[in-house]
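Observations on the three-dimensional arrangement
Now for the letters of each chain:
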Amino acid sequence: MLGVPTVADRIAQTVAAMYLEPLVEPRFHQDSYGYRPGRSQLDALGACRQRCWKYDWAIDLDVQKFFDTVPWDLVVGAVRSVTNCPWVLLYVKRWLAAPLKHPDGTLEERSKGTPQGSAISPVLANLFLHYAFDLWMAREVPGCPFERYADDVIVHCKTRRQAEHVRARIAARIEEVGLRLHPDKTKIVYCKDSNRRGEHEHTSFTFLGYAFRPREARSRHGVTFTPFLPAMSPEAMLAKCDRLRERRIPKRTDLTLDDLARWLNPIVAGWINYYARYYRVGVDPLLQRVSSYPRRWAAKKYKRLRGAKRFDRWWTGLVGRQPTLFVHWRLMRNY
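Residues numbered from 1 in each chain as written. Predicted model: local features only at pLDDT ≥ 70, side-chain atom pairs only at ≥ 80, totals over all residues. Heavy atoms only, no water.

Attention shifts here to the overall build of the protein. Helices and strands together make up the secondary structure of the protein, namely 11 helices and 11 strands. Reported as C-alpha extents along the three principal axes, the dimensions of the protein are approximately 70 × 55 × 35 Å. A burial count over the protein gives 48% of its 335 residues as buried. When the accessible surface of the protein is totalled, it reaches about 17800 Å², and 51% of it is carbon and sulfur. (Helix = DSSP H or I, 4+ residues; strand = E, 2+ residues; numbered from the N terminus. Buried < 20%, exposed > 50% of the residue type's maximum accessible area, 1.4 Å probe, protein only. Areas by Shrake-Rupley, 256 points an atom, 1.4 Å probe, with all protein chains shown as cover.)

This is the structure in structure tokens:
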């Protein structure tokens, strides 16, 4: 559940998070990427991409309802391991136990979990998982590297037998700390490519908005092969298309063309910078969709362009005069 703290609580939680961050950062595992300074989702994806080439098998872990079910006593114990500051411990306990107030005014008492949306939840989640998962993995299965972004985790293994063994051990460990792996979403994946033979039930997984699966590619010498690569996931594609549709761009005829570009470019640039990093052509369907909206907007705003030939002539001239007007044009052949 997404919790929205009061303004006073949000300020206090930010102060507590700022106090804890320099204490916990030096302790954290190098493969923990979530909500840490100097680390990003793209860093986690890059490490995952490299390891999928080195290790034949991956375990896609899904901790069921992590933020709703994380045990309070273990969270407080993790905080106590890094500080004995009375006010920090006092307020962490209070924030964890604070009831949720629903829109109708009723209060819901809770016995576990830390609501997403609070300024201190990412620090608490990272600190808990540092002891519950990261250190345990480094100690118990050091030969299986992993990438963790908050509660999203990918673990790499050399063989299927090893992957099955490690998954069972992780499931037992997760239950030890009061959590549970999702029985359907947690899966073992074969990182199949041109050099890896055989079949398996799962040959793809989704991590941080990227779908990892076998994809056709071409080497610098023009040879076609099939590596195991990440690209924008179908779920992320659908979400961005929904966001475009919600903005009702064709109806914003009150804007000028330059206004429209200034409105859309920061949004689309962010999508390109994130989703085009590792497999650029994977964002082409999204960019084609983005490109259709200025065309529909122009056709609605300028009545004189209703004829197809007239519109195409005007559009071609626009692209020729201002080839950098929309940020995605630099990546497209057909505008």
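Once you've had a look at it, read on.
Across soluble globular proteins, you tend to see nonpolar side chains buried next to one another. The biggest cluster of nonpolar side chains holds 56 residues, and the ones touching the most others in it are Leu45, Phe205, Phe207 and Phe212. Secondary structure elements with two or more residues in this core: helix H2 (41-54), strand S7 (205-207), strand S8 (210-214), strand S11 (228-232), helix H8 (234-246), helix H9 (257-275), helix H10 (284-301) and helix H11 (308-321). Among the elements that make up this core, the one with the highest residue count is H9 (10 residues). Discounting chain neighbours no more than four positions away, the residues touching Phe212 are Leu45, Cys48, Arg49, Cys52, Thr203, Ser204, Phe205, Phe207, Phe228, Leu229 and Pro230. (Core = buried A, V, L, I, M, F, W, Y, C linked by side-chain atoms within 4.5 Å. Contact = heavy atoms within 4.5 Å.)

With that settled, consider the pattern of salt bridges. Under the definition given, this model contains 16 salt bridges. Among the ionic pairs, Arg196 bridges to Asp56, the shortest N-O distance being 2.8 Å. Note that Arg196 is positioned in the loop between strand S6 (187-190) and S7 and Asp56 in the loop between H2 and strand S1 (57-62), a separation of 140 residues in sequence. According to the relative accessible area criterion, Arg196 is buried, its value standing at 7%. Linking Glu176 and Arg173 is a salt bridge whose minimum nitrogen-to-oxygen distance equals 3.1 Å. Here Glu176 and its partner Arg173 are both found in helix H7 (residues 160-176), three residues apart, which amounts to about one turn of the helix. Of the residues examined, Arg173 reaches a relative accessible area of 16% and is grouped as buried. Ionic contacts of the salt-bridge type, sharing partners, join the residues Asp31, Arg51 and Glu147 into one network. (Salt bridge = Lys/Arg side-chain N within 4 Å of Asp/Glu carboxyl O.)

Moving on, we get to the sheet that holds S7. Pairing in this open sheet of three strands is antiparallel, and the strands run S7-S8-S11 from one edge to the other. Because the sheet does not close on itself, it has two edges, and the strands there are S7 and S11. Looking at each pair of strands side by side, their axes are set apart by 30° on average, direction ignored. The sheet contact formed by S8 and S11 spans five bridges and is antiparallel. Among the inter-strand pairings, Pro214 is bridged to a residue of S11, identified as Phe228. (Pairing = 2+ DSSP bridges. Axes fitted to C-alpha atoms, helices over the stretch in contact; angles between N-to-C directions.)

The subject of this paragraph is unusual backbone geometry. Of note in the backbone geometry, Tyr35 takes a positive phi value of approximately 55° without being a glycine. Take Tyr35: it is sitting in the loop between helix H1 (7-24) and H2. Although it is not a glycine, Arg248 adopts a positive phi angle of roughly 50°. Along the polypeptide, Arg248 turns up in the loop between H8 and H9.

Together, Val7, Ile11, Val15, Tyr19, Leu23, Trp87, Leu90 and Tyr91 line one region of the surface with nonpolar side chains, adding up to about 700 Å² of accessible area. Counting only elements with at least two residues in the nonpolar patch, the list comes to H1 and helix H5 (86-97). With respect to the secondary-structure elements, Ile11 resides in helix H1. For Ile11, a relative accessible area of 53% translates into the label exposed. (Patch = residues over 30% accessible without salt bridge, like charges linked within 9 Å, V, L, I, M, F, W, Y side chains within 5 Å.)

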